[in-house]
Amino acid sequence: MIGTIITATAATALAAPAAGLLGYRQFKRAAHAKRLRITAPEGIDESGFVRIGGIDQWISVRGDNRRNPVILELHGGPGAANHVFLPRTRAWERHFTIVRWDMRGAGRTFVRNGAEGQGDFTLDRLHRDAVEVTGHVRTRLGVPKVLLVANSFGTVLGLRLARSHPELYSAYVGTDQNIAGGGRDTSAYEALLERLRRTGKRKELARATEMGADRAAWTTPQWSMYNKLVITSDPLSYDTMKTVVVRSLWFSPQHTLRGLGAYMKGMTFSERLAPEAVTIDEWHEGTSFALPFFVFQGARDVLTPPGPARRFFDDVDAPVKDFALIPDASHFASFRHPGAFLDLMLTKVRPVLDHSSAPRP
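Residues numbered from 1 in each chain as written. Predicted model: local features only at pLDDT ≥ 70, side-chain atom pairs only at ≥ 80, totals over all residues. Heavy atoms only, no water.

Undergrad: Can you break down unusual backbone geometry residue by residue, with the values?
TA: A cis amide bond links Gly77 to the next residue, Pro78, at an omega of 0 degrees. As for its placement among the helices and strands, Pro78 is situated in the loop between strand E3 (70-74) and strand E4 (97-101). The phi dihedral of Asp328 is positive, around 50 degrees, even though this residue is not glycine. Positive phi outside glycine occurs at Phe332, with the angle close to 65 degrees. (Helix = DSSP H or I, 4+ residues; strand = E, 2+ residues; numbered from the N terminus.)

Undergrad: Provide a residue-level description of the pairing of E3, including the pertinent values.
TA: Within E3, five of the five residues are buried, which leaves the element mostly enclosed by the surrounding structure. Residue alternation in E3 divides its side chains into two sets, Val70, Leu72 and Leu74 and Ile71 and Glu73, and both sets are buried. Sheet topology note: the E3/E4 ladder contains four bridges and is parallel. By the bridge assignment for E4, Glu73 is matched with Arg100. Alignment of E3 against strand E5 (residues 146-151), held across four bridges, turns out to be parallel. From the neighbouring strand, Leu74 faces E5, where its bridge partner is Ala150. (Buried < 20%, exposed > 50% of the residue type's maximum accessible area, 1.4 Å probe, protein only. Pairing = 2+ DSSP bridges.)

Undergrad: Can you tell me about the sheet that holds E3, naming the residues and giving the values?
TA: The strand order across the open sheet formed by eight strands is E1-E2-E4-E3-E5-E6-E7-E8, and the pairing between neighbours is mixed. The open sheet has two edge strands with one neighbour each: strand E1 (44-52) and strand E8 (321-326). Across the sheet, the mean angle from the axis of one strand to that of its neighbour is 20 degrees, orientation sign disregarded. Each of E1, strand E2 (55-63), E3, E4, E5 and strand E6 (169-175) is contacted by helix H4 (residues 123-141), which is oriented at about 135 degrees to E1, the strand it contacts most. Strands E3, E4, E5, E6 and strand E7 (293-298) of the sheet are contacted by helix H5 (residues 154-164), whose axis makes an angle of about 145 degrees with E5. (Axes fitted to C-alpha atoms, helices over the stretch in contact; angles between N-to-C directions. Contact = heavy atoms within 4.5 Å.)

What follows is the structure in structure tokens.
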């Protein structure tokens, strides 16, 4: 749901870059590529297309030690594959083996199949794809369960997987956690109106007011406009978009300029999932989880505020659960502060995984 603002913010850099900027980009990409090399004897670095749900879907597996816990990442967007953040999250791979999957409609999966070749493009189809990907990973890596780590839009899918398939996942970790409450919570929308009033942005305020608070009544373009207004009206969020997201795109060692254009087309294509996602009521779908449950949220997130995430978390029944705020972070909290997120994973999640996998007397 953030594809439009990413595309708009990146447009200047991608439109007609100067020769000097292109040279610096190549320098940074080469440095990142060198940093991303996995040379440990027990490491793994493989990627390619796997037949999932009737189409070829891109999956990569990276980590310094195959014996580490296996993470299946569920990226946000929709359509915003996480491979662009590899240089920022390289340290995670020293402690976890990370499976990054370009979902149907995203990244290399979108490029491989084209807009007409994505097939049935619904949340239910993504859910079935995810179960199939999980099966592939368990077989390929020889593990009974994987750790589910979801960010932003991926948390919508992540909650459904954690509820329905606790036998497949060792724990659930959500960050930039979306909580769809059947339209009852309008706090983020009201906060947007207040920011626009305070900063005197009358045209933007008129657009947001005209849309109204009922997200179920918004069109896909209105969803895009809302997300753009939220991000650009909050200084921390806009700074994160420019310095973390756009820089990660621009300096990605895995993406050519043409590849970046295709990446953003995938996000635009995937925005059609937004109207379906808003119909969800997470409380109605269930607050009982038969696996450890964690939420690590940006303390100043204005797109998916910590308030609704905390209220849902408080109602969750799980064998183990924990909630933490990441300071000085809005949306994209784990990518703005990858070290802080890793610390939470190592101090809160990893001990639970190690305890559950320890041999019983």
